Amino acid sequence: MNATRTESTGRGTSRNLAIFIDADNLNDSTALDHVLTSVGQLADRIVYRRAYGRAESLRAIEAVLWRHGVRPVANLIVDKTTTDSALVIDAVEAVCRQDIEIVAICSGDADFVPLAMWLRERNCRVLCYSLPNKIFANPESFYDEVVLIDVVSDSMPAPLEPVATGDAARALTLEAKAAKTKPVKPAIPMAAPAPGGSAVKAILKALPELTSGQSLHLSVAAKKLRTAGLLAKTASSTALFKRHAGQFELTPVQQPNTVRYRR
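Just so you know, these numbers come straight off a predicted model, no measurement behind them.

Caption draft 1: Seen up close, the packing of aromatic side chains. A complete count under the given rule lists 5 aromatic pairs for this structure. The interplanar angle of 35° and the centroid separation of 6.1 Å between the aromatic rings of phenylalanine 20 and tyrosine 48 together place this pair among those described as tilted. Pair noted here: phenylalanine 20 is in strand β1 (residues 16-22) and tyrosine 48 is in strand β2 (residues 45-53), with a separation of 28 residues, a long-range link.

Laid out in structure tokens, this is it:
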């Protein structure tokens, strides 16, 4: 496995990192094992290693948590899940009590956006690790770095396309028996798409899944559009589809995270 250390902060003191795992969201043991291995190379010391979730979610990744020395924190037995609240409280307490420079949040849940913004305001570097199908739209607006982990079988070795996220972005591709880190390619400068039908045809060519009536997550659509040169690095895929609302439907209406072609 190839390891890539993030760019130095330029400080003379050692760097501390805290990792908080939403096991109800990221509970693939292969993906999580690779995340925990990679995160250890980003700082001199990992001060906090905790995983939160329902009992069944924690059991699914029990072996990985034990291997990496992660403390499991089970939900309280109440009607509503307490995973998000417990994670947020511990993350805030950790940053207030310890000299932590990097915080890794293993979840694609948008509920952690306020936490990520609060951490960045306190000069923490905030990383997001998620599976591609569980990430909300435009996470790069709130995290310093977003890493999508794609788990594929040996019969489907195609790597995950890079995701442009913030100043330093990358995508991790996991295979069933081996994993490697692949840096993101710089976004390609592009001209604005042609108006009308030609723009829609170009989008459908980059996103052939939509022509079959399949819904596509906006984060997946965005990276494919950027690879095809149809979306700038800092541009929003939501805004692009809204310009062609007659052809593309975004759902849900308030905070869309998927797109569908209106055939």
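Caption draft 2: Main features of the state of the cysteines. All told, the structure shown has 0 disulfides when counted by the stated rule. Cysteine cysteine 124 remains unbridged, with the sulfur of cysteine 96 as its closest cysteine sulfur at 9.4 Å. Note on cysteine 124: relative accessible area 5%, which makes it buried. For cysteine 128, which is in no disulfide, the shortest distance to another cysteine sulfur is to cysteine 106 and amounts to 8.2 Å.

Caption draft 3: Spotlight on the sheet that holds strand β10 (residues 248-251). Taken together, the 3 strands give an open sheet; going across it, the order is β9-β11-β10, and neighbouring strands pair in antiparallel fashion. Edge strands, defined here as strands with exactly one partner in the open sheet, are β9 (216-217) and β10. Pairing analysis gives 2 bridges linking β9 to strand β11 (residues 258-261), with the strands arranged antiparallel. What sits directly across from histidine 217, in β11, is threonine 258.

Caption draft 4: Quick look at the pattern of salt bridges. A complete count under the given rule lists 11 salt bridges for this structure. Linking arginine 54 and glutamate 56 is a salt bridge whose minimum nitrogen-to-oxygen distance equals 3.2 Å. You can call arginine 54 partly exposed: its relative accessible area is 36%. Glutamate 56 sits in the partly exposed class, given a relative accessible area of 44%. Taking the shortest distance from any N to any O, the salt bridge between arginine 125 and glutamate 145 comes out at 3.2 Å. Of this pair, arginine 125 sits in strand β5 (residues 125-130) while glutamate 145 sits in strand β6 (residues 145-152), placing them 20 residues apart in sequence. Accessibility expressed as a relative area gives 25% for arginine 125, which makes it partly exposed. Owing to a relative accessible area of 2%, glutamate 145 belongs among the buried residues under this scheme. Counted as one network, the salt bridges with shared partners bring together Asp24, Arg54 and Glu56.

Cut-offs applied
- Residues numbered from 1 in each chain as written.
- Predicted model: local features only at pLDDT ≥ 70, side-chain atom pairs only at ≥ 80, totals over all residues.
- Heavy atoms only, no water.
- Phe/Tyr/Trp six-rings, centres within 6.5 Å; stacked < 30°, edge-to-face > 60°.
- Helix = DSSP H or I, 4+ residues; strand = E, 2+ residues; numbered from the N terminus.
- Disulfide = S-S within 2.5 Å.
- Buried < 20%, exposed > 50% of the residue type's maximum accessible area, 1.4 Å probe, protein only.
- Pairing = 2+ DSSP bridges.
- Salt bridge = Lys/Arg side-chain N within 4 Å of Asp/Glu carboxyl O.

Just distances and angles here, no functional claims.
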